[in-house]
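Coordinate inspection notes
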Amino acid sequence: MPGRLIFVLLASAVALVGLEGCMRGCTSSRPPIHINPSMFKQPKYRAYAASAFFYDGAAMRQPVPHTIARGHLPGDPVFETGKKADGSPVANSPLAADEALIARGHERFGIYCQPCHDERGEGKGILFQRAKVPTANLLEKRIRDLPDGAIFDTITNGKGLMPAYRYPIRPHDRWAIIAYVRSLEKAEVAREASQ
Amino acid sequence: VSERADAPPRYWRSLAELERSPEFLESLQREFPEGAADPPNGITRRTMLQLMGASLSLAGLAACRRPVEAIVPYVNAPEEIVPGVPLKYATTMPFGTSALGLVVESHEGRPTKIEGNELHPSSLGAASSWAQATIYELYDPDRSRELAHRGAEKPPSWKDFVDYWKKLHAELSAAGGEGLAIVLEPVTSPTAARLVARLEQRFPKALVAAYAPLGDENLHAGIRDAAGGAYAAVHHFDKARVILSLDSDFLLDNPDAVRHARGFSDGRRGESAKDGMNRLYVAESTLTITGIAADHRLRVRAGDVGPLALALARALGLGPAGSGGGDFEAKWVGAVARDLKANAGKSLIVAGAHQPPAVHAAVAALNAALGNSGTTVTYVEEKETLRSNTADLQRLVAGLEAGKVKTLVVLGGNPAYDAPADLGFSDAMAKAAHRVRLGLHADETSARCEWHLPRAHFLESWGDARSLGGPLSVVQPLIEPLFGGRSTIEILALLESGEEKPGYELVRETWKAILPAADFEKRWNRVLHDGLLAGSELPAASPEIAPSAVGGLASLGAAGNGGEKGLEVVFRPSAAVYDGRFANNAWLEEAPEPVSKLTWDNAALLSQKTAGALGLSTGDVARLDLAGRALEVAVMVLPGNADDSVTLALGYGRTAAGGVGNGRGFDAYRVRSAAAAGLARGARLERTGKTYPLVSTHDHWSSEGRVIVQEATLAEYAKNPRRAQEHEEELPPQKSPWAERPYAERPQWGMTIDLNSCIGCNACVVACQSENNIPSVGKDQCSRGREMHWIRVDRYFSGPGEDPQTIVFQPVPCQQCENAPCEQVCPVAATVHDAQGLNVMVYNRCIGTRYCSNNCPYKVRRFNFYNFTKDTPEILKMAQNPDVTVRARGVMEKCSYCVQRINRGRIDAKLAGRELADGDVRTACQQTCPTQAIQFGDIRDPKSRVTASKASDRNYRLLPELNTQPRTTYLMRLRNPNPEIGET
């Protein structure tokens, strides 16, 4: 009986899909089906891989303290840490705030800072809009009065809920961002004065 | 151009090929050796298919879910690391009493690849196969992972050991160190020397002995006799026009080989007699890569090298009066002597480390007489060096036997395995009440100790070192100790003071005295960054060397080693495992030994004539009797070995090396005595009737007698500079059946390999394995022709099998043909061409038909017959390059011109906002080549080095008759024979 055969085939196909989950378009808590898993999972550690070898489960290791990589020779400590020899923050950036530096800072600010601190630096970014996470207003007087080195330290090491940005933002770019923020602040001061 | 199959070939790779044995002729007909397509346990293809079908239906689709992978970021991201972008750190590999300057690639804090440090004179940017393989050594799954204390129920902690030692320390301090004995590896390190001096101060009655089986003791005894002081000889091959090697394999078997190889090849780059190409004479007992590089090679027994040196001294007008010496080819000796004399001050004589002290003393005297002292060989007064001294070890064993040594500490090394057999060190060890061992592996020595302490690898620890005569360098760790190990200097400090102190502080303490205090931090940082302290080379000393030092040669007796005197046995370092320290290193075990092409084993090497007289052939097991000790060892007949001479490589036959190294080969230490550590006489070799499967890769991937090596003497080349292209120019014009691509866009990648520079040292093979995640497949798979190396180094003999006259090495990676035959036959387009002229493999598409390999005329494609990497231990995953796909079963692979490096170079150039420049992309083989034989770059760039290299007259393509248009081309080998001796 061909009709019955077709029914059985269809039913088993439906059952199969039900059992195995579908390939695309369905929501499932299980990972998607992968027809050919050969070489998909590689016996090597890509960046961010997990490792069962280390107690902390991470394949990414800290460099050994005090070692120096090629091209990372410690240079001017003021430029790299924003601190003087006694550990206090430097008042002014070691880089002259020319147009190019501010432009670079504008670009980097747009990538890394704007999502929280918003375009104008007022701390009304997406995080604040959605979750009312308190975010610093970079234009207020408290920040304006901070020495450049202190802002540098905050970008480097984070503060409160703000994470550290030391590896995505190189020291030069941190100073560039500071130069850009200072230019925003100057505009803000001028605006306040004009009011 | 193929020669007739039954005609004797001009070039041959094995004796079987020379003799056209039936097995060899049959092997030519097979793409892979017999049985290569069968699984090892006898399952037939049909049952395999049935099993596969069954497992497929059982597994169903449910098993094919995408694996869940976690993302584990840094909690506290270090500033210098961008995930996915590797960093490089300068460090130093201490090796015996020398050191090799390295730069190590690190991916997110894990070292993955070794390269040479271009700033460091010991390496000048190159690295040896041993250095390359230290990555495997670091991540060796068999490394000892915890402390062990005999009888303890659970592994003790470091604190337990420190407490234990503190108690002993108090007792020993009170007794002035009476009863304490320490065995160290020889080392050149200011920190180690400082700590040993302090130790001897605190424990004046303690015995401190440095011992290594390959400690160059004869060399230094000879120099001491000739120069009257503890000097080390530094050879400058780059300055020598005429070099004579007396049984020395200076290009391969010693810690300074990388520097030697560079100097030697730099002196050989000229293309005409005017340019000044150096000339190398080698007199040696077994065929070595130095002998293969020679312009004139004389086959002599190692025991006859002394008499040969005497004959030479006489020819130079230096020899002592009287008889002695040998009846050597007078023509050879006379011509060499005249050539040396004509190049006085620009010549150099070196002798093999296994030769007796009298030969080394004579060599020093001859070099001095020729005016070479101070030019091609300089002497330095040794500083901060602990040299191997077997006499000290002998005293220590006597102390153990007499019950005087109560506490024995063995730091590194492996004396229970490699001490001279007549010393009985391993038995004597048991007599000490306290036995402490620091070792990378829980090996033969650890098994006889009460305490075993895991040692930190040099890539895990702080230290310092000095290369021979070279600058001081710091050993920078690349990762924290994986198993909490301690370095030798940390244990020395603990032994001395009873307190633990980190290696970093110990090294800094030493360097406070080396660097000026004023600018210490800045200078220290510079040393770490560069990998060396500039200007800290040892000043050359000028010791008085009397010509009378050649007198010792007369005492060595006359030449000859006739039947009744027995055979001589020469003990040499293994090119793979050195003295046994790399025995558990799968990369080195599998890399075919440069000359014999043996993998995974050593063998007693014999000449055809000697083997014939003893009724032995390759693969027979013979019993070797030497001074009352016996060893059963497999025999291999090696072209060019001296008659009545047995060559044994050390370092095999380990019993506690680990899963890879245990039971590989034959332990030559069992017949090696202290008095005859390099060269022994009076041995007998007897057939046992047993056989042993030796695996040599020399007949794998044969080009069936087609002319693929080109060589000429300087005179021939001067007469006909187009010699290398003649073969190609004779061919009728060729046309491809397809429309040929112009490949006009830049860059177009290409490579040249200079056969004149290549010394066949295997550094490229291991570097490629490390860079490209190439699996080691084991001896059984190698015997089936399934070795996976992307570069094979062929060596072609020509001349008689007994004493082949010219031998050429030829590394063959994928030739990256523009008209690639492999691409035409792939049914799934898994191997295709890209716009930059690369013949690329798309692993995911490959279905494993092996048509491509069958159609490849160069035999450079490798097939994964098994999932060789399926069971990779977690720790070995760290040795894999994250930028290269690990291949699975059923996938074809081959040289990719290090496409990941090409891409990295392009990204870096783009980020820096500039065009790719020549030298931005260096392949792993090119980077590590000690002789700079490999050039790689854009062949459309008129100024690139590879373009200049391809413009040479010596440039030729392999098998041009096939019109494959390979991107990799070769430069003809040139030889510079002495017209007086005639062409060899």
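None of these values were measured; they are calculated from a predicted model.

Examining the overall build of chain A
Of regular secondary structure, chain A possesses 8 helices and 0 strands. Ordered by position in the sequence, the α and β elements of chain A form the string α-α-α-α-α-α-α-α. In summary, chain A has a C-alpha radius of gyration of 27 Å against a globular reference of 16 Å for 195 residues, an excess of more than 25%. Reported as C-alpha extents along the three principal axes, the dimensions of chain A are approximately 90 × 50 × 30 Å. A buried classification covers 33% of the 195 residues belonging to chain A. Contacts in chain A between residues far apart in sequence, at least 24 positions, make up 45% of those at least 6 positions apart. Taken as a whole, chain A presents about 12,000 Å² of accessible surface, with 61% of it coming from carbon and sulfur.

Regarding the packing of aromatic side chains
On inspection of all chains with the given rule, the structure shows 30 aromatic pairs over all chains. Measuring from centroid to centroid gives 6.4 Å for Trp 158 of chain B and Phe 161 of chain B, while their planes differ by 90°, and the two rings are edge-to-face. Residue Trp 158 of chain B and its partner Phe 161 of chain B are both found in helix H6 (residues 158-174); the two are separated by 3 residues, about one turn of the helix. Pair check on accessibility: Trp 158 of chain B and Phe 161 of chain B agree, each one buried. Among the aromatic residues, ring-to-ring pairing joins Trp 462, Tyr 504, Trp 511, Phe 520 and Trp 524 of chain B into one connected group. In this arrangement the basic side chain of Lys 132 of chain A is found over the ring face of Phe 128 of chain A, its NZ or CZ atom lying 5.3 Å from the centre. Of note, Lys 512 of chain B hangs over the ring of Phe 520 of chain B, and the distance from its end group to the ring centre comes to 5.2 Å.

Quick word on the packing of helix H8 (residues 217-227) of chain B against helix H13 (residues 357-369) of chain B
Residue and element names in this part refer to chain B. Interhelical geometry of H8 versus H13 gives an angle of 50° and a closest axis separation of 7 Å. The orientation of H8 with respect to H13, classified from their angle, is oblique. Judged by the twist between their axes, the crossing of H8 over H13 is right-handed. Where H8 abuts H13, its residues Asn 218, Leu 219, Ala 221, Gly 222, Asp 225 and Ala 226 lie against Pro 357, His 360, Ala 361 and Ala 364. Residue classes in the contact of H8 with H13 are distributed as 6 nonpolar, 3 polar and 1 charged.

Focus: the interface of chain A and chain B
Facing the 49 residues of chain A at the interface are 67 residues of chain B. For the pairing of chain A and chain B, the buried interface totals around 5,300 Å² over both sides, and the portion due to carbon and sulfur atoms is 61%. Three residues, Met 39, Tyr 45 and Arg 70 of chain A, lead the burial of chain A against chain B; their summed loss comes to 15% of the area buried on that side. Taken together, the links from chain A to chain B amount to 2 salt bridges. Where Arg 174 of chain A meets Glu 79 of chain B, a salt bridge forms, and the shortest distance between an N and an O atom there is 2.8 Å. In terms of residue class, the side of chain A that touches chain B is made up of 27 nonpolar, 12 polar and 10 charged.

Some remarks on unusual backbone geometry
Residues and elements named next belong to chain B. With an omega of -10°, the peptide bond running from Arg 746 to Pro 747 counts as cis. With respect to the helices and strands, Pro 747 occurs in the loop between helix H24 (723-729) and strand S30 (749-754). Phi is positive for Cys 898, close to 50°, though the residue is something other than glycine. When you line up the elements, Cys 898 lands in the loop between strand S36 (892-893) and helix H29 (899-911).

Things to note about the confidence of the model for chain B
All names here are of chain B. Taken as a whole, chain B shows an average pLDDT of 89; of its residues, 93% reach a score of 70 or greater. Segment residues 58-62 is flagged for pLDDT under 50; beyond a separation of four residues in sequence, or across chains, it makes 3 contacts in the model. Reported confidences for the modelled complex are a pTM of 0.89 and an ipTM of 0.86.

Comments concerning the state of the cysteines
All chains considered together, the criterion is met by 0 disulfides over all chains. Looking at Cys 929 of chain B, it has no disulfide partner, and the nearest cysteine sulfur is the one in Cys 761 of chain B, 6.3 Å off.

Brief notes about the sheet that holds strand S3 (residues 110-116) of chain B
Residues and elements named next belong to chain B. Pairing in this open sheet of 3 strands is antiparallel, and the strands run S1-S2-S3 from one edge to the other. Two strands close off the open sheet at either side, each with one partner strand: strand S1 (87-95) and S3. Neighbour-to-neighbour, the strand axes of this sheet turn through a mean angle of 35°, independent of strand direction. As paired elements, strand S2 (residues 98-107) and S3 share 6 bridges and run antiparallel to each other. Bridge pairing in S3 places Leu 102 opposite Gly 116.

Overview of the pairing of strand S25 (residues 629-637) of chain B
Residue and element names in this part refer to chain B. In this sheet, S25 lies alongside strand S23 (residues 604-606) in parallel orientation, the contact comprising 3 bridges. Across the sheet, the residue bridging to Leu 605 is Met 636, located in S25. Strand direction decides the pairing type here: strand S24 (residues 620-626) and S25, joined by 6 bridges, are antiparallel. Bridge assignment links Asp 625 to a residue of S25, and that residue is Ala 630. What sits between S24 and S25 in their antiparallel hairpin is a turn of 2 residues, with Ala 627 showing a positive phi close to 50°.

Quick look at the packing of helix H7 (residues 190-202) of chain B against helix H18 (residues 488-497) of chain B
All names here are of chain B. Between H7 and H18, the least distance of the axes is 9 Å, while the angle of their chain directions is 20°. Taken together, the axes of H7 and H18 are roughly parallel relative to one another. Note that H7 runs across H18; the crossing there is left-handed. Only Ile 489, Leu 492, Ala 493, Leu 495, Glu 496 and Ser 497 of H18 make contact with H7, whose side of the interface consists of Thr 191, Ala 192, Leu 195, Val 196, Arg 198, Leu 199 and Arg 202.

Here's the deal with the pattern of salt bridges
All names here are of chain B. In total, this model carries 71 salt bridges over all chains according to the counting rule given. A salt bridge links Lys 501 to Glu 509; its shortest N-O distance comes to 2.5 Å. Residue classification places Lys 501 among the partly exposed positions, given a relative accessible area of 32%. A relative accessible area of 31% places Glu 509 in the partly exposed class. A salt bridge links Glu 728 to Arg 957; its shortest N-O distance comes to 2.6 Å. Here Glu 728, found in helix H24, pairs with Arg 957, found in the loop between strand S38 (955-956) and strand S39 (968-971); they are 229 residues apart in sequence, far enough to count as distant. On the basis of relative accessibility, which here comes to 24%, the residue Glu 728 falls in the partly exposed class. One network of salt bridges, in which partners are shared, links Glu 284, Arg 297, Arg 299, Lys 609, Asp 643, Glu 802 and Asp 803.

Details of the pairing of strand S37 (residues 934-938) of chain B
Residue and element names in this part refer to chain B. Burial analysis of S37 places 4 of its 5 residues in the buried class, which makes it a mostly covered element. Where S30 and S37 come together, 5 bridges link them in antiparallel fashion. Looking at the pairing, Thr 752 lines up with Gln 935 of S37.

Criteria and thresholds
Residues numbered from 1 in each chain as written. Chains lettered and ligands numbered in written order. Predicted model: local features only at pLDDT ≥ 70, side-chain atom pairs only at ≥ 80, totals over all residues. Heavy atoms only, no water. Helix = DSSP H or I, 4+ residues; strand = E, 2+ residues; numbered from the N terminus. Rg over C-alpha atoms; globule rule 2.2 N^0.38 Å. Buried < 20%, exposed > 50% of the residue type's maximum accessible area, 1.4 Å probe, protein only. Contact = heavy atoms within 4.5 Å. Areas by Shrake-Rupley, 256 points an atom, 1.4 Å probe, with all protein chains shown as cover. Phe/Tyr/Trp six-rings, centres within 6.5 Å; stacked < 30°, edge-to-face > 60°. Lys NZ or Arg CZ within 6 Å of the ring centre and 35° of its normal. Axes fitted to C-alpha atoms, helices over the stretch in contact; angles between N-to-C directions. Parallel < 35°, antiparallel > 145°, perpendicular 65-115°, else oblique. Left-handed = near helix turned anticlockwise from the far one by under 90°. Nonpolar A, V, L, I, M, F, W, Y, C, P; charged D, E, K, R; others polar. Buried area = accessible area lost by both parts, 1.4 Å probe. Salt bridge = Lys/Arg side-chain N within 4 Å of Asp/Glu carboxyl O. pLDDT = per-residue confidence, 0-100. Disulfide = S-S within 2.5 Å. Pairing = 2+ DSSP bridges.

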